Amino acid sequence: MSDKILICEDEENIVFFIKAELEYEGFETDVAYDGEEAMRMFSGEYSLVLLDIMLPKKNGLECLREIRKISDIPVLILTARKEVYDKVAFLSAGADDYVTKPFDTMELIARIKRHIQRAKPPQNLVVNADAFLAKISGKDIHLTKTEFEVLNFLYTNTDKVKTRDEIIHAVFGDFYGESNVVDANIKNIRAKIANITDAKIIETVRGKGYVIRGVPCLN
Ligand code: CA
């Protein structure tokens, strides 16, 4: 199940661009083009709200205050450079972060991912190499030997992004096959975890590799 983001923004070119990027990253998106529509659409199904300050009908600050009465969802504010004074008001009203337009897309995506990840309860992923045992939320993940070794390598390197080459080197040693063997194994591991929990344990870092973030080491 993918995370769903509510984009509240009235500038269509910005919406078009953010929506395309988020969907490329595997998120689902809905768009509200004004503040009243945003409040009608807002629900517990979203993982994060992207909220423009200058919205028609109901401005971003009013929307944020309404959201905060009912939800702790991560809210990331989109501001224009000249609206500097608003940042304090938004942060004190409970915004988690803000991004100034024009923004760097990779930075926006990275911030969105971080806030979504932080908002999730920690998943009790346990990988015990000696016992050849991997559990999530107390349930066994039934992995092949290779899948287990890939997961274990990422787990023992929590919070460090590992490239495909690094993963291949760690798991296969000298290897002359296709580097997409890593992607294939990650895909299988994700599918097996998805049978147990909605949590995204292995994150893809575009252009770099894979990482497991912030999972407590319990073994
Ligand atoms: Ca606007």
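Residues numbered from 1 in each chain as written. Predicted model: local features only at pLDDT ≥ 70, side-chain atom pairs only at ≥ 80, totals over all residues. Heavy atoms only, no water.

Remarks on the coordination of the calcium ion
Then step 1. Protein ligation of the calcium ion involves Asp-10 (OD), Asp-52 (OD) and Met-54 (O), the donor distances falling in the range 2.1 to 2.4 Å.
Then step 2. Every donor residue of the calcium ion comes from the same chain, spaced as D-x41-D-x1-M. (Donors = N, O, S within 2.8 Å, 3.2 Å for Na, K, Ca; no water.)

Regarding the nonpolar core
Considering soluble globular proteins, one finds that nonpolar side chains tend to be buried as a cluster.
Then step 1. Core analysis: the biggest nonpolar cluster contains 25 residues, and Leu-151 and Ile-202 have the highest contact counts within it.
Then step 2. Elements represented by at least two residues in this core include exactly strand E7 (133-136), helix H6 (145-156), helix H7 (164-172), helix H8 (180-194) and strand E11 (209-212).
Then step 3. The biggest single contributor to this core is H6, with six residues.
Then step 4. Once you skip the residues sitting within four places of it in the chain, Leu-151 turns out to touch Val-127, Ala-134, Ile-141, Leu-143, Ile-189, Ile-202 and Ile-212.
Then step 5. Ala-38, Met-39, Leu-51 and Ile-53 belong to the second-largest nonpolar core, a separate cluster that totals 21 residues. (Core = buried A, V, L, I, M, F, W, Y, C linked by side-chain atoms within 4.5 Å. Buried < 20%, exposed > 50% of the residue type's maximum accessible area, 1.4 Å probe, protein only. Helix = DSSP H or I, 4+ residues; strand = E, 2+ residues; numbered from the N terminus. Contact = heavy atoms within 4.5 Å.)

Points about the pairing of strand E10 (residues 202-205)
Side chains on a regular strand alternate between the two faces of the sheet.
Then step 1. Here E10 pairs with E11 via four bridges, running antiparallel. In the strand pairing of E11, Glu-203 is matched with Val-211.
Then step 2. The loop that links E10 with its antiparallel partner E11 comprises three residues; one of these, Gly-207, has a positive phi angle of about 80°. (Pairing = 2+ DSSP bridges.)

Quick word on the state of the cysteines
Then step 1. Taken as a whole and judged by the stated rule, the model has zero disulfides.
Then step 2. With no disulfide of its own, Cys-63 lies 6.4 Å from the sulfur of Cys-8, the closest cysteine sulfur.
Then step 3. Looking at Cys-63, the relative accessible area reads 0%, which means it is buried. (Disulfide = S-S within 2.5 Å.)

A look at the sheet that holds strand E9 (residues 162-163)
Then step 1. Spatially, E9-E11-E10 is the arrangement adopted by the three strands of the open sheet, whose pairing is antiparallel. Of all strands in the sheet, those with a lone pairing partner are E9 and E10, marking the two edges.
Then step 2. Pairing analysis gives two bridges linking E9 to E11, with the strands arranged antiparallel. Along E11, the bridge assignment pairs Lys-162 with Tyr-210.
Then step 3. Strands E9, E10 and E11 of the sheet are contacted by H6, whose axis makes an angle of about 65° with E11. (Axes fitted to C-alpha atoms, helices over the stretch in contact; angles between N-to-C directions.)

Brief notes about the layout of surface pockets
To find leftover empty space, a probe the size of one water molecule is rolled over the atoms.
Then step 1. Estimated volume of the largest pocket: approximately 570 Å³.
Then step 2. Along its surface, the largest pocket is lined by 22 residues, and Glu-25, Arg-190, Lys-200, Ile-202 and Thr-204 are the ones closest to its centre.
Then step 3. Secondary-structure elements contributing two or more residues to the lining of the largest pocket are helix H5 (105-119), H8 and E10.
Then step 4. Along the lines of polarity and charge, the residues of the lining of the largest pocket split into nine nonpolar, five polar and eight charged. (1 Å grid on protein atoms, 1.4 Å probe; cavity = no way out; pocket = protein on both sides within 12 Å on 5 of 7 lines; lining within 4 Å. Points joined across faces, edges and corners; volume = space filled by probe spheres on them. Nonpolar A, V, L, I, M, F, W, Y, C, P; charged D, E, K, R; others polar.)

A few points about the packing of H6 against H8
Then step 1. Axis separation between H6 and H8 bottoms out at 9 Å; the angle between their running directions is 85°. In this view, H6 runs roughly perpendicular relative to H8, as classed from their interaxial angle. Facing Thr-146, Glu-147, Val-150, Leu-151 and Leu-154 of H6, the residues of H8 in contact are Asn-185, Ile-186, Asn-188, Ile-189 and Lys-192.
Then step 2. Here the contact of H6 with H8 is built from residues that sort into five nonpolar, three polar and two charged. (Parallel < 35°, antiparallel > 145°, perpendicular 65-115°, else oblique.)

Let's talk about H8
Then step 1. Taking 1.5 Å as the rise per residue, H8 with 15 residues should run 21 Å; its terminal C-alpha atoms sit 21 Å apart, in good agreement.
Then step 2. Turning to H8, its buried residues number three or more, namely Val-181, Val-182, Asn-185, Ile-186, Ile-189 and Ile-193. End-on view of H8: buried residues confined to an arc of 135°, all on one side of the axis.
Then step 3. Tucked inside the fold, the buried residues of H8 contact H6, H7, E10 and E11. (Expected span 1.5 Å × (residues − 1). Arc of directions from axis to C-beta.)

Brief notes about the packing of H7 against H8
Then step 1. Relative to each other, H7 and H8 sit at 80°, their axes nearing to 9 Å. One finds that H7 runs roughly perpendicular with respect to H8. On H8, the residues touching Arg-164, Ile-167, Ile-168 and Phe-172 of H7 are Val-181, Val-182 and Asp-183.
Then step 2. A class-by-class count of the residues in the contact of H7 with H8 yields five nonpolar, no polar and two charged.

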